[in-house]
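# Working through the structure, step by step
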Amino acid sequence: MKKSARYDFDTLIERHGTASMKWEKYGSRDIIPMWVADMDFRSPPEVIKAIEKRTAHGIFGYTLPPQELNRLIVSMLEKTYDWEVDPKWLVWLPGLVTGINVACRAIGRDNDEVMTAIPIYPPFLTAPGFNRRKLVKVPLKEEDGHWQFDFDRLEQMITKNTRMFMLCSPHNPVGRVFSRSELSQLAAICHDHDIIICSDEIHCGLILDEDKEHIPTATLDAATADRTITLMAPSKTFNTPGLGCAFAVISNPKLRKQFKNAMDGIVPRPNTLGYAATMAAFSECGDWHEALLKYLRANRATVSRAIRQMPSLSMAPVEATYLAWIDTRLSGLEKPVKFFEEAGVGLQDGIEFGSPGFARLNFGCPRILLEKGLNRMKTALDNLNRK
Ligand SMILES: Cc1ncc(COP(=O)(O)O)c(C=O)c1O
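Numbering of residues starts from 1 in each chain and follows the order in which that chain's sequence is written. The predicted nature of this model means local features are confined to residues of pLDDT at least 70 and side-chain atom pairs, given and counted, to a pLDDT of 80 or more, with totals for whole chains, interfaces and linings taken over all residues. Only hydrogens and water are set aside; all other atoms, that is, all heavy atoms of the structure, feed into the side-chain values.

### Re the packing of aromatic side chains
In this scheme Phe, Tyr and Trp rings, the latter by its six-membered ring, pair at centre separations within 6.5 Å, and the angle between planes marks the pair as stacked below 30 degrees, edge-to-face above 60, and tilted otherwise. Following the criterion strictly, the structure yields 16 aromatic pairs and no others. Here F9 and Y295 contribute two aromatic rings whose centre-to-centre distance is 5.4 Å and whose plane-to-plane angle is 40 degrees, an arrangement assigned as tilted. In this pair, F9 is assigned in the segment before α1 (21-24) and Y295 in helix α11 (residues 286-308), connecting sequence segments 286 residues apart. Using a relative accessible area of 5% as the deciding quantity, one classes F9 as buried. Exposure categories follow from relative accessible area, calculated using a 1.4 Å probe and restricted to protein chains: below 20% of the type maximum is buried, above 50% is exposed, and the middle band is partly exposed. For Y295, a relative accessible area of 8% corresponds to the buried category. The numbering of helices and of strands both runs from the N terminus, where a helix is a DSSP run of H or I of at least 4 residues and a strand a run of E of at least 2.

Written out as structure tokens, the structure is:
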């Protein structure tokens with residue numbers, strides 16, 4: 001049997017009644033939810049089996065990070081990214097948003113600055129303030145339909161109080177896989193100004209462009225590794241965000257200590273089922289992962305084709321993630337997300353990412369649902385133009 005045929009991404013699975021954040025938002029209204037970043041696919045069978053095995057044991061006491069899991073992460077990072085990591089460098093977390101907030105708390109003092117490039121995943125915008133830091137937003141620039149860092153502007157906006165840069169790589173929402181030269185340029189600026197890098201790499205397993213690869217920031221060179229807090233998780237790739245299990249990789253012992261101190265008394269351990277799922281995800285699910293990427297590539301093509309047929313919308317190529325960042329500014333719609341909601345499609349508002357006039361569409365769903373959502377969008381725009 002062909003690998004991809006072994007897995008079913010096409011069947012619509014009812015998620016109402018499971019307290020799904022994505023689906024409960026619209027209750028019983030006929031709105032296809034295409035907002036928050038989880039997928040409407042079952043996790044790999046191996047992950048489900050591992051959780052069943054763990055639940056069959058029936059005792060869910062306090063759980064240490066399994067040594068075997070630490071060894072597995074180390075070998076996965078070595079194999080996938082040629083990154084040699086000492087198990088001591090791993091810090092387990094119940095989620096990446098926790099990690100982003102802990103990093104803000106750990107680095108610098110009250111009123112110091114934390115910089116990020118917008119548009120950006122919304123918790124990047126709130127974490128500095130929650131931890132008494134000042135947020136500095138540098139816009140990404142779009143050139144020839146391609147989102148990139150504006151290094152000149154970024155460097156100009158650095159002050160003597162800038163302590164940390166929060167990087168999202170691959171980037172949510174613009175879907176970029178940053179090249180070695182882009183990452184190196186960013187790292188060099190951070191080096192020159194003694195800035196710590198918090199590198200959120202949660203989407204690293206979702207590279208769709210076959211000629212691109214994910215480069216963990218910390219693998220650029222030893223000096224960059226020394227100033228980098230890397231955050232990773234199996235949750236986006238294997239669709240397990242409800243299981244709360246993530247990790248940081250911090251090679252610099254001083255930085256690691258600061259990070260761990262900032263967690264003390266506040267951050268719980270991941271839950272025991274999260275560990276079981278992570279173990280299976282990184283050791284047994286290679287074929288499923290490959291099949292998922294193939295399905296997502298076809299969904300990506302479906303989205304770009306459909307958006308091309310809606311001339312008042314546009315989007316840059318999605319190199320990674322299952323999220324399309326759609327420019328609605330030419331449509332003249334004042335409230336595009338409300339407009340599409342009324343047409344039966346629930347997108348996420350660009351305002352939440354720091355960029356009004358844009359909307360994010362999650363295409364991690366069965367193609368039939370995706371096509372239905374895109375058709376609804378097109379019909380609504382066509383009707384608008386006829387008025
Ligand atoms: C860039 C990024 N970081 C973090 C998260 C969420 O992480 P967690 O669910 O582990 O808190 C997401 C979810 O969409 C994300 O896109």
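### Here's the deal with the sheet that holds strand β10 (residues 246-249)
A strand pair is defined by DSSP finding two or more bridges across the two strands. Judged by pairing direction, the sheet is mixed, and its 7 strands sit side by side in the order β2-β10-β9-β8-β7-β3-β4 without closing on themselves. Strands at the two margins of the open sheet, each flanked by one partner only, are β2 (90-93) and β4 (134-139). The sheet shows a mean angle of 25 degrees between the axes of neighbouring strands, direction not considered. Direction of pairing for strand β7 (residues 162-168) relative to strand β8 (residues 196-200): parallel, over a ladder of 5 bridges. Following the sheet pairing, M166 is matched in β8 by C198. Contacts were defined at the residue level, with two residues in contact if any of their heavy atoms lie within 4.5 Å. Angles shown run from 0 to 180 degrees and are taken between the N-to-C directions of axes, each axis being a line fitted to C-alpha atoms and, for helices, limited to the stretch in contact. Its contacts with the sheet place helix α3 (residues 67-81) against β2, β9 (228-232) and β10, and it is angled at close to 110 degrees to β2.

### Here's the deal with the side chain of H171
With respect to the helices, strands and loops of the structure, H171 is situated in the loop between β7 and α7 (180-192). Classification of H171 as buried rests on a relative accessible area of 2%. A polar atom in the side chain of H171 sits 3.2 Å from the backbone oxygen of P119. Residues contacting H171, with those up to four places away along its chain left out, are A117, P119, I120, L140, R176, F178 and T321. In protein, a polar contact requires one atom able to donate a hydrogen and another able to accept it; more generally it is a pair of N or O atoms within 3.5 Å, and residues adjacent in sequence count only if both atoms are side-chain atoms.

### Some details on the environment of P87
The residue P87 is located in the loop between α3 and β2 in this model. Non-local contacts of P87, meaning those with residues more than four positions away in its chain, are made with N70 and V74.

### Observations regarding the pairing of β9
Where burial is concerned, most of β9 is hidden: 5 out of the 5 residues are buried. Residues T228, T230 and M232 line one face of β9 and the alternating positions I229 and L231 line the opposite face, and both faces are buried. Bridging between β8 and β9 involves 4 bridges; their strand directions are parallel. For S199, the partnering residue across the bridge sits in β9 and is T230. As paired strands, β9 and β10 are joined by 3 bridges and run antiparallel to one another. Bridge pairing in β10 places M232 opposite F247.

### Brief notes about the site of the ligand
We define proximity as follows: a residue is near a molecule or strand when any one of its heavy atoms falls within 4 Å of that partner. In the vicinity of the ligand, the contacting residues are A37, G95, L96, V97, Y121, C168, N172, D200, I202, H203 and K236. Within the backbone of V97, one N or O atom sits 3.0 Å away from an oxygen atom of the ligand. Here K236 contributes a side-chain N or O atom positioned 2.8 Å from an oxygen atom of the ligand. Per-residue accessibility takes into account occlusion by the displayed protein chains alone, with areas from the Shrake-Rupley method and a 1.4 Å probe. Look at the ligand: alone it shows 390 Å² of surface, and the protein chains cover 88% of it. Of the residues belonging to the shell around the ligand, the class tally is 6 nonpolar, 3 polar and 2 charged. Here the nonpolar group is Ala, Val, Leu, Ile, Met, Phe, Trp, Tyr, Cys and Pro; Asp, Glu, Lys and Arg are the charged ones; every other residue, Gly included, is treated as polar.

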